[in-house]
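These are the residues of each chain, in order.
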Amino acid sequence: MEYNLLKGKRGIIFGALNDMSIAWKVAEMAHEQGAVFTLTNTPVACRMGTLNELSEKCNAPVIPADATSVDDLKEVFAKSTELLGGKIDFVLHSIGMSLNVRKKRVYHDLDYNYLNKTLDISAISFHKMLQVAFKMNAINEWGSVVGLSYVAAQRSFYGYNDMADAKALLESIARSFGYIYGREKKVRINTISQSPTLTTAGSGVKGFDGLMDFSERMSPLGNATAEECAGYCIAMFSDLTRKVTMQNLFHDGGFSNVGMSLRAMTQYNKSFDTDDIESLD
């Protein structure tokens, strides 16, 4: 699929870890579509993941950085513009982590130090990234910034924990900064609310397999894959979406607008049949 949608464009992709990562798929597709870009993740992730493999495949330099550090972010944008030969045209923020989820702290018994880290890593880093880019005037006019979100920002999902709060904040930052960046620099900022996707981070959510199955049954088009999400990101980075900004865009096979699907109702009704059988035993 070569349309050269990003030919001549320069980008920065935050958050690729391994070939399960959505950011990894975005990088592969951006390369196919003619873009040049840098890759960045934390120094630990760069050592533990397989980012060098992606770097070689896409001819994309790796810049280790902590996205919660303003100084590190300044370095990412400065080095990227130097290495790529000009201002940036697109940025992907694919960063999310909850220590409360990892440590199995339930939502009504959060560790607040962990919560602060969840918000800083998963959402406030988005604001820091945008603020650094804005002050450095590092993104070209009509550039595009995309952050990855999830429908738990609007609805309650069992097991998603404080990541739901982080995603809600992420989407709010996109709207608030999107107005300013659009008005002042003609840069557009959006979030994509993706189907539950089996990534290294996503697999840590309690009951994730059941969540994926439920959303698959609820969505008329089925769950969107990581590859399909990458395609949507590429479209948002391209000039075809120049007037789209400050939006939270659902990429979930229709899940976000379905109350109850036929498949989910059928499975729900079967559970009563099973209960009846078990009660007779």
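Residues numbered from 1 in each chain as written. Predicted model: local features only at pLDDT ≥ 70, side-chain atom pairs only at ≥ 80, totals over all residues. Heavy atoms only, no water.

As recorded in an unreviewed UniProt entry, the protein goes by Enoyl-[acyl-carrier-protein] reductase [NADH] and comes from Saccharicrinis carchari. For the record of the protein, the UniProt heading Sequence similarities (unreviewed entry) holds the text "Belongs to the short-chain dehydrogenases/reductases (SDR) family. FabI subfamily." (UniProt positions renumbered as here; feature names shortened; annotations may be inferred.)

Participant: Quick one: what's the story with helix α9 (residues 226–237), residue by residue and with numbers?
Facilitator: Its twelve residues give α9 an end-to-end C-alpha distance of 16 Å, which sits within 8% of 16 Å, the value for a rise of 1.5 Å per residue. Among the residues of α9, Ala226, Cys229, Ala230, Cys233, Ile234, Met236 and Phe237 are the ones counted as buried. The buried residues of α9 all sit within an arc of 160 degrees when viewed along its axis, so they share a single face. (Helix = DSSP H or I, 4+ residues; strand = E, 2+ residues; numbered from the N terminus. Expected span 1.5 Å × (residues − 1). Buried < 20%, exposed > 50% of the residue type's maximum accessible area, 1.4 Å probe, protein only. Arc of directions from axis to C-beta.)

Participant: Got a sec to walk through the pattern of salt bridges? Specific residues and values, please.
Facilitator: For the coordinates displayed, the defined rule picks out nine salt bridges. Linking Asp239 and Lys9 is a salt bridge whose minimum nitrogen-to-oxygen distance equals 3.1 Å. With Asp239 in the loop between α9 and β6 (248–251) and Lys9 in the segment before β1 (10–14), this residue pair connects regions lying 230 residues apart in the sequence. Using a relative accessible area of 40% as the deciding quantity, one classes Asp239 as partly exposed. Taking the shortest distance from any N to any O, the salt bridge between Glu227 and Lys25 comes out at 3.4 Å. Pair noted here: Glu227 is in helix α9 and Lys25 is in helix α1 (residues 22–32), with a separation of 202 residues, a long-range link. By relative accessible area, Glu227 is classed as partly exposed at 42%. Within this structure, Lys9, Asp239 and Arg242 form a network of salt bridges that share partners. (Salt bridge = Lys/Arg side-chain N within 4 Å of Asp/Glu carboxyl O.)

Participant: So, the packing of α1 against helix α3 (residues 51–58): which residues are in play, and what are the values?
Facilitator: The packing of two helices is summarised by the inter-axis angle and the distance between the axes. Running from N to C, α1 and α3 point in directions that differ by 10 degrees, and their axes come no closer than 10 Å. Considering the angle they form, α1 stands roughly parallel to α3. Together, Trp24, Ala27, Glu28 and His31 of α1 and Leu51, Glu53, Leu54, Lys57 and Cys58 of α3 make up the contact between the two elements. (Axes fitted to C-alpha atoms, helices over the stretch in contact; angles between N-to-C directions. Parallel < 35°, antiparallel > 145°, perpendicular 65-115°, else oblique. Contact = heavy atoms within 4.5 Å.)

Participant: Before we move on, can you summarise the pairing of strand β4 (residues 139–149) with the specific residues and values?
Facilitator: Within β4, eight of the eleven residues are buried, which leaves the element mostly enclosed by the surrounding structure. The sheet contact formed by strand β3 (residues 88–93) and β4 spans five bridges and is parallel. Bridge pairing in β4 places His93 opposite Gly147. Sheet analysis places β4 next to strand β5 (residues 188–194), joined by six bridges and oriented parallel. When the bridges of β5 are listed, Gly147 appears paired with Thr191. The parallel pair β4 and β5 is bridged by helix α7 (residues 163–185), and the resulting crossover is right-handed. (Pairing = 2+ DSSP bridges. Right-handed = clockwise from strand over helix to strand, strands pointing away.)

Participant: Kindly report on unusual backbone geometry, identifying the contributing residues and their values.
Facilitator: In this structure, Asn59 takes a positive phi of about 55 degrees despite not being glycine. Following the sequence through the fold, Asn59 ends up in the loop between α3 and α4 (70–84). Residue classification places Asn59 among the exposed residues on the basis of a relative accessible area of 68%. Not every positive phi belongs to a glycine, and Trp142 is a case in point at roughly 70 degrees. If you trace the backbone, Trp142 turns up in strand β4. On the accessibility criterion, Trp142 (22% relative accessible area) is partly exposed.

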